[in-house]
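Commentary on secondary and tertiary structure
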Amino acid sequence: MERLQTLLGHLSTSSGQGEVRCCETAASEREDDVVIVAALRTPICKAKRGNLRETYEDDLLATVFTGVLNQTKIDPVLLGDICVGSVLQEGAGADTARMAQFYSGIPETTPLSAVNRQCSSGLQAVMNLAGSIRNGVCDIGLAAGVESMSRRSMNRGKVDINPKVFENEKASQCLIPMGITSENVATRFGVSRKNQDLFAYQSHMRAAKARQTGLFREEIVPVRTKITDKDGEAKEIMVYEDDGIRPTTTLEGLSKLKPAFQEGGSTTAGNSSQLSDGAAAVLLAKRSAALRHGLPILGVILSYAVVGVPPDVMGIGPAVAIPEALRKAGLKKEDIEIFEINEAFASQCLYCVEKLGLPQDKVNPNGGAIALGHPLGCTGARQIATLLHELKRRGKRAYGVVSMCIGTGMGAAAVLEYPG
């Protein structure tokens, strides 16, 4: 506990990864800035029960790859690299990602890699590619995240675990189920069941309003897929909208749900993120290359940080990573227009918001993973799409943050700028 308090009290000492832009130049435009040209996602649908439950990962990826290429009219030959994040697929889905590349008309000469940093995999893919652009490996590239939690299981099954793990406290904590880490955060930091349910209710109401008023349309690429009905008949459908949002959610209904992970606990199915299916893609470029090819600039990457935290309270990650990313960008929390913080659990997200002293109206203004869903590898890239399109709607130059906790005890955060 003392070590944890030291960590939270000395946020600036954390060792982040991949600072993309120096803080002293955060307000200026440079030819070697890494910019975001486009950011799109599929609808996010409920695993096992939603409209994407029979859709393969490569088809989800091909949808967003093609969507980005069509929107920007870029010649696929110009793509110098591709990086895709995924969690549950074997090998982080390198094979299926390469197949999706070919479905999308991207030539074999464009190389591809896959990455798994658990819940931050989509964001890590973006930052890996940003680093490649910054280092001169390529000038333009495509990053993405994907997950089908309908087709893959989070259950480890009969995994061959080294008995030595149980002789090391921190190592053994890496095996703690995520729901129990949520209970640990709630208990250790006094996050009440009532406040968790209120946070979950707010997520659904915000997401329902955003869907109803069409705020997600600019960031969503519809998916053409097949689905089998209750009579066993397969039919082709177009999926246009997220299907996990529950506009009829009530606080009373949430309060009646039983604890999902621990008897007497406060984490329920209602105040946790949903298991989901989806994909998102982000097209990045060096600023000079974007201007040379007439590509629009939707966002600028200012900084990135990844920080380790105790595995048994992995959900506190954003509370440590966000200050580090802000420090690297030369910004303060008051400078940020929107914080997109992944709602893995209401307990951990609410704790991070309160620990950092963030205004509630600046956090997930269009709802988060409790309402939208959390397709693990997709989420980080999805958050970028949601953030930048919301900043664009507001029509002014502004800064935003994308952040999430990471299983086994980490937090990641990126600071982005919408240029106005």
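Use the structure listed above.
Everything numeric here is computed off the predicted structure, so don't read it as measured data.

1. A look at the packing of helix 7 (residues 193–212) against helix 11 (residues 346–356)
Viewed as axis vectors pointing N to C, helix 7 and helix 11 meet at an angle of 90°, and their least axial separation amounts to 9 Å. The orientation of helix 7 relative to helix 11 falls into the category roughly perpendicular. Facing Asn 195, Gln 196 and Phe 199 of helix 7, the residues of helix 11 in contact are Ala 346, Ser 347, Cys 349 and Leu 350. When its residues are assigned to classes, the contact of helix 7 with helix 11 shows 4 nonpolar, 3 polar and no charged.

2. Things to note about unusual backbone geometry
Despite not being glycine, Lys 73 shows a phi value in the positive range, around 60°. When its relative accessible area of 69% is taken as the criterion, Lys 73 is described as exposed. Here the phi dihedral of Ala 92 falls at roughly 60°; this positive angle occurs in a residue that is not glycine. Topologically, Ala 92 is positioned in the loop between strand 3 (81–85) and helix 3 (94–103). Looking at Ala 92, the relative accessible area reads 9%, which means it is buried.

3. Structural notes on the side chain of Glu 337
Within the fold, Glu 337 resides in strand 10 (residues 336–341). A relative accessible area of 19% places Glu 337 in the buried class. A distance of 3.5 Å separates the side chain of Glu 337 from the side chain of Lys 396, its partner in a polar contact.

About the criteria used
Residues numbered from 1 in each chain as written. Predicted model: local features only at pLDDT ≥ 70, side-chain atom pairs only at ≥ 80, totals over all residues. Heavy atoms only, no water. Axes fitted to C-alpha atoms, helices over the stretch in contact; angles between N-to-C directions. Helix = DSSP H or I, 4+ residues; strand = E, 2+ residues; numbered from the N terminus. Parallel < 35°, antiparallel > 145°, perpendicular 65-115°, else oblique. Contact = heavy atoms within 4.5 Å. Nonpolar A, V, L, I, M, F, W, Y, C, P; charged D, E, K, R; others polar. Buried < 20%, exposed > 50% of the residue type's maximum accessible area, 1.4 Å probe, protein only. Polar contact = N/O pair within 3.5 Å; in protein donor to acceptor, adjacent residues only side chain to side chain.

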